[in-house]
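# Structure assessment
The residues making up each chain are set out below.
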Amino acid sequence: MFDNVAPHGAEQQPAQVDEAQEPPPVRVCRTCSVQSQTVGDFCPHCGKSYLHARRMPSRRALTIAGVALLLVAGAVTGIAVKVSHDRSEERAAAVADKRDAEAAAAQKEAEAREH
Ligand SMILES: [Zn+2]
């Protein structure tokens, strides 16, 4: 009756377990510095995301950004000064033209009256 029972310590055990289930990687939380073995993106200890934690920008990068900002600000200021200078010159020229035209018209009118 029990002759067909499979022997203990069977030789045909499924050999496909380890490949699909790698152990979760060990990650160090940058917020609370707790080392956790997890596949998730969040620290199990404090709940902060591992992905959003960034290093502070280096001092060199800040210096470069500051210099670039100064250069851009200087360029913008120079352009603004030049534009306003050109505009005022244009305005002065336009006013002068208008005066000349008015003077010419007045002179023409006076000449027309004399005749
Ligand atoms: Zn944490």
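To be clear, the structure that these remarks concern was listed above.
Residues numbered from 1 in each chain as written. Predicted model: local features only at pLDDT ≥ 70, side-chain atom pairs only at ≥ 80, totals over all residues.

## Some thoughts on the overall build of the chain
Each helix and strand in the chain was counted, giving two helices and two strands. Starting at the N terminus and ending at the C terminus, the chain contains elements arranged as α-β-β-α. Taking all 115 residues of the chain together, the buried fraction comes to 2%. For the chain, contacts bridging at least 24 residues in sequence account for 0% of all contacts bridging at least 6. (Helix = DSSP H or I, 4+ residues; strand = E, 2+ residues; numbered from the N terminus. Buried ≥ 20, exposed ≤ 12 C-beta atoms within 10 Å, placed from the backbone. Contact = placed C-beta atoms within 7 Å.)

## Focus on unusual backbone geometry
Glycine aside, negative phi is the norm for most residues, and most peptide bonds take the trans geometry. For S33, which is not a glycine, the phi torsion comes out positive at approximately 65 degrees. Within the fold, S33 resides in the loop between β1 (26-28) and β2 (35-37). For S33, a count of 10 C-beta atoms within 10 Å puts it in the exposed group.

## Overview of helix α2 (residues 59-114)
Here α2 spans 82 Å end to end across 56 residues, near enough to the 82 Å set by a 1.5 Å rise per residue. Little of α2 is tucked away: zero of the 56 residues are buried. (Expected span 1.5 Å × (residues − 1).)

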